[in-house]
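Observations on chain architecture
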Amino acid sequence: MSSASAAPPPPGSGVLPPLDTLSVSSLLSDDLEGEGEGAAQGELGDLEVNPYDGLPFSSRYYSLLEQRRLLPVWSLKYSLLEHLEEHSMLVLSAPSGSGKSTQVPQWCVEYALSQQFADGLVCCCQPYAAAACSLALHVADEMDLSLGLEVGYRVPHDDGSTPDTLLRFETDALLLGDMMSEPLLRQYGVLVLDEVQERTLATDVLLGLLRDVCRQRQELRVVVLTDPATAPTIAAFLGDNVPLLALPPPEDPPGVETVYRDPPTGREPATASCHMVLDLHRRGEEGDIIVFLPSPQDIEECAALLEKECVALSPQLGSMRVLALHAGLGGAAQQVYDGEAEGGEEEGKEEEEGEEVPLGGQEALVSPALKRKVILTDTLGEASFSMPNVRYVVDTGLLLKTVYNPQIRADSQVLRPISKHQADLRTARVNSRLPGVCVRLYPQALYDEGMPASRCPSVVEENLSHLVLLLKRLDIADMGQCKFLDRPAPEALMQALEDLDYLAALDDDGNLSEVGIIMSELPLEPSLAKALIAACEFDCVSELLTIAAMLTAPPCFLTPPPNKEEAAATHRRPLLHPEGDHLTLINVYNAYMQHNQDEAWCATNYINASALRLAEMIRAELLEVMQRIELPVSPPAFGCQDNSTNIKRALISGFFLKVAHDVDGSGNYLLLTHRHVAHLHPFSTYRCRRPQPSPPAWVLYHDFTISHDNCICTVSEIHPHMLVELAPQYYLGNLPSSEGRDFLMELRQSLLPPDDPEEGGAEGAKCRAEEGSDQRNQHSTEMCLIQ
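These notes cover the structure that comes with them.

Procedures and definitions
Residues numbered from 1 in each chain as written. Predicted model: local features only at pLDDT ≥ 70, side-chain atom pairs only at ≥ 80, totals over all residues. Heavy atoms only, no water. Helix = DSSP H or I, 4+ residues; strand = E, 2+ residues; numbered from the N terminus. Buried < 20%, exposed > 50% of the residue type's maximum accessible area, 1.4 Å probe, protein only. Contact = heavy atoms within 4.5 Å. Areas by Shrake-Rupley, 256 points an atom, 1.4 Å probe, with all protein chains shown as cover. Phe/Tyr/Trp six-rings, centres within 6.5 Å; stacked < 30°, edge-to-face > 60°. Lys NZ or Arg CZ within 6 Å of the ring centre and 35° of its normal. Pairing = 2+ DSSP bridges. Salt bridge = Lys/Arg side-chain N within 4 Å of Asp/Glu carboxyl O. Expected span 1.5 Å × (residues − 1). Arc of directions from axis to C-beta. Polar contact = N/O pair within 3.5 Å; in protein donor to acceptor, adjacent residues only side chain to side chain.

1. Description of the overall build of the protein
Secondary structure assignment for the protein yields 29 helices and 22 strands. The burial tally for the protein puts 54% of its 787 residues in the buried class. In the protein, 74% of the contacts between residues at least 6 apart in sequence involve partners at least 24 apart. Accessible area for the protein stands at about 33,800 Å²; split by element, carbon and sulfur atoms hold 51% of it.

2. Details of the packing of aromatic side chains
With the rule as written, the count across this model stands at nine aromatic pairs. Seen in terms of ring centroids, Phe57 and Tyr62 are 6.0 Å apart; in terms of plane orientation they differ by 70°. Their pairing is edge-to-face. Phe57 gets classed as buried once you look at its relative accessible area, which sits at 11%. Between Trp74 and Trp107 the ring centres are 5.7 Å apart and the planes differ by 80°, which places this aromatic pair in the edge-to-face class. Separated by 33 residues along the polypeptide, Trp74 in the loop between helix H3 (59–69) and helix H4 (77–86) and Trp107 in helix H5 (residues 100–114) bring together distant segments of the chain. Just as Trp74 is buried, Trp107 falls in that class too. Each member of the aromatic cluster is reached from another via a ring pair, and the members are Phe57, Tyr61 and Tyr62. Arg440 extends its terminal NZ or CZ atom over the ring of Tyr447, reaching a point 4.6 Å from the ring centre. In this arrangement the basic side chain of Arg572 is found over the ring face of Phe683, its NZ or CZ atom lying 4.8 Å from the centre.

3. Observations concerning the pairing of strand S15 (residues 398–405)
Pairing between S15 and strand S16 (residues 410–417): eight bridges, direction antiparallel. In the sheet register, Leu398 faces S16, and the bridge partner there is Pro417. The hairpin turn running from S15 into S16, its antiparallel successor, is four residues long, and Arg409 in that turn takes a positive phi close to 50°.

4. Focus on the pattern of salt bridges
A side chain of one charge can pair with a side chain of the opposite charge if their charged atoms are brought near each other. As enumerated under the stated definition, the model contains 31 salt bridges in all. A salt bridge links Glu461 to Lys401, with the shortest nitrogen-to-oxygen separation between them at 4.0 Å. Of this pair, Glu461 sits in the loop between helix H14 (444–450) and helix H15 (465–473) while Lys401 is found in strand S15, placing the two residues 60 residues apart along the sequence. Residue Arg409 is joined to Asp499 by a salt bridge in which the shortest nitrogen-to-oxygen separation is 2.7 Å. Pair noted here: Arg409 is in the loop between S15 and S16 and Asp499 is in helix H16 (residues 490–502), with a separation of 90 residues, a long-range link. The exposure classification of Arg409 matches that of Asp499, with both residues buried. Salt bridges linked by common partners bring Glu198, Glu382, Asp395, Arg426 and Arg455 together as one network.

5. Regarding helix H28 (residues 739–751)
Its 13 residues give H28 an end-to-end C-alpha distance of 18 Å, which sits within 8% of 18 Å, the value for a rise of 1.5 Å per residue. Taken together, the buried positions of H28 are Gly740, Arg741, Leu744, Met745, Leu747 and Arg748. The buried residues of H28 occupy one face: seen down the axis, they fall within an arc of 160°. Pointing more than 90 degrees away from the buried face of H28 are the exposed residues Glu739, Glu746 and Ser750.

6. Topic: the environment of Arg409
On the basis of relative accessible area, Arg409 is assigned to the buried category, the value being 19%. In this structure the C-alpha to C-alpha distance between Arg409 and Phe704, which are 295 residues apart in sequence, comes to 8.9 Å. If we skip the residues at most four places from it in the chain, Arg409 touches Tyr404, Gln495, Glu498, Asp499, Tyr502, Leu657 and His674. Of note is the side chain of Arg409, whose polar atom sits 2.9 Å from the side chain of Glu498.

Don't take any of this as a statement about function, it's just geometry.
The following block contains the structure:
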């Protein structure tokens, strides 16, 4: 690992000068190296035409260029361009707010332009779709280009780019998916991996795979962007020859006072944060506030509380605008930047008029013209969005994390402390010319002793089935061939391989079967992909497309206010299907389409209009994929009994691992795979219909999360003989001992011909299942050896 200091290239060095000192002729000529010295002496006025679209630069471009030059990361520009000439991979370390996410991709475009874009376009991948969309808009503005043309974005279910796009922002998961069709990523000349410290599953895997891709593609350039705390580890992982460019710490860092406050016992994070925001606002001092909450649910709750309290605030304190910022907002997250220009103009006018602004703890009232933003966010706001004029940070110190447990094949909602690294990142969000304050709503002892040093990487906390399917598609049969910053748990890889084996995605040699190859083409979780493939056999593809789209999109039913619960239930009942929640999803989608995607109809029925719009896009994408790979698509037949039965058969083909039976007739369901007891979700069809029917004896569910209520969500009644007919033989034999398992084995034996030589009775089936299990476990263990 090597390091480099920031210095401009010397005249005649042959290094490409930056775009702002480069004439158009030198950019477009074939001999760029020979013009480095002369171009470096050019003035800003030489740039009259944008080399990327051939149009004259606007006055706004030059104004933004002056602001860009003031960013701390600008000092690394010359070093970056120099190292791009000589190294395939490099790491750039800079704290959040220094400008690396917006500037480095533009510098990489300058490098690609010097190569005439011969090696492909520039791609900057982000861990969050909302950040990718926001950065694309920001960078297009700075480059004086049109969003969607020369600068674009690509996020799940939204492609804002064209074949002629030169710089594209996209999510790391989509870039990883690109490797299935093109393992060497030949369409890209420069890849920028941003916010690597987030340690998402896709980013961690990309780091390992791109090391090998760079060895096979000498012309490819990979720039890894991270913060100073994780940079040395990442640079060491990539190799000793990978240079590390580090932005020196500021000589005069802004002063931030850190205050620890213990919230009252029993007070929820949203309530405690709301009270702290109101206290800060009542001080009457200028500056925006950013609040870090555990989850989007807490963000919504805190926003509702603040909106309610704002009505009673004195107008003398000025207005307070509450904005949410979390991953579920998508492109709407850009609203946190709205009104910045107006605010800057008003601030300048106040300064000209000589009005005094109270500082520190002075008690004073400010003009009603003062406008304050209160940004409510979660982990998305730690690094991906940099807001100006943030003076106060309120940190709850908590994170609601979904952690997958491979032993029980279920997610757990875990409310736990953040890491020290995250706490420091949140404190660093202060970005104001005035002294800042970070209020931590937890004791200092928790920060000193109770918080881990760094965040836990997603690769050790998520379901790895889809990742293993992808790696198999890349012909990485042995997981040991893929390097990881942190190794996944062997039991998690074994469980993922076993699940794919159950779904018939693997052949006898552990490679992808024909079914597995088709599953890897569908942008769905493996179980849902298998159900959609099975729908081709049962002539219910149209219905399964709708179910898959609705399950992939956010929940379609909105949680009504406490005083509107009965009204919401009354409006929803006509949409409920007696056969269960999966068919209810079809009813909701069909009704939405019949009402011409009317948002007013959605609001009346307490239905999430944005979720249904997204489901419509997902369904169209899935249909396009099925037509591309030439899978048969049966016409709609929803409404007849045979169709409902076939839908359930297709669902069982993919979700036989998620079956439960009522143990006492009162709605206490024992999950067959791990013997947990759960209940139906309050929004389930079987609990919302009137009169309320008896709980079904056997159900298939889509999701189970271990939480305070242990509910199974999206539930449909099934018949046990369907499960026996469609589930693999060895799966039933491997179920843990229970009355339900014994019943299924007896039912299976009763359905077999009495003289079937293949089966040899229940005992023979059981023995063969156990033998198959031993062989698979041994096979999985061999395949899960990680370097």
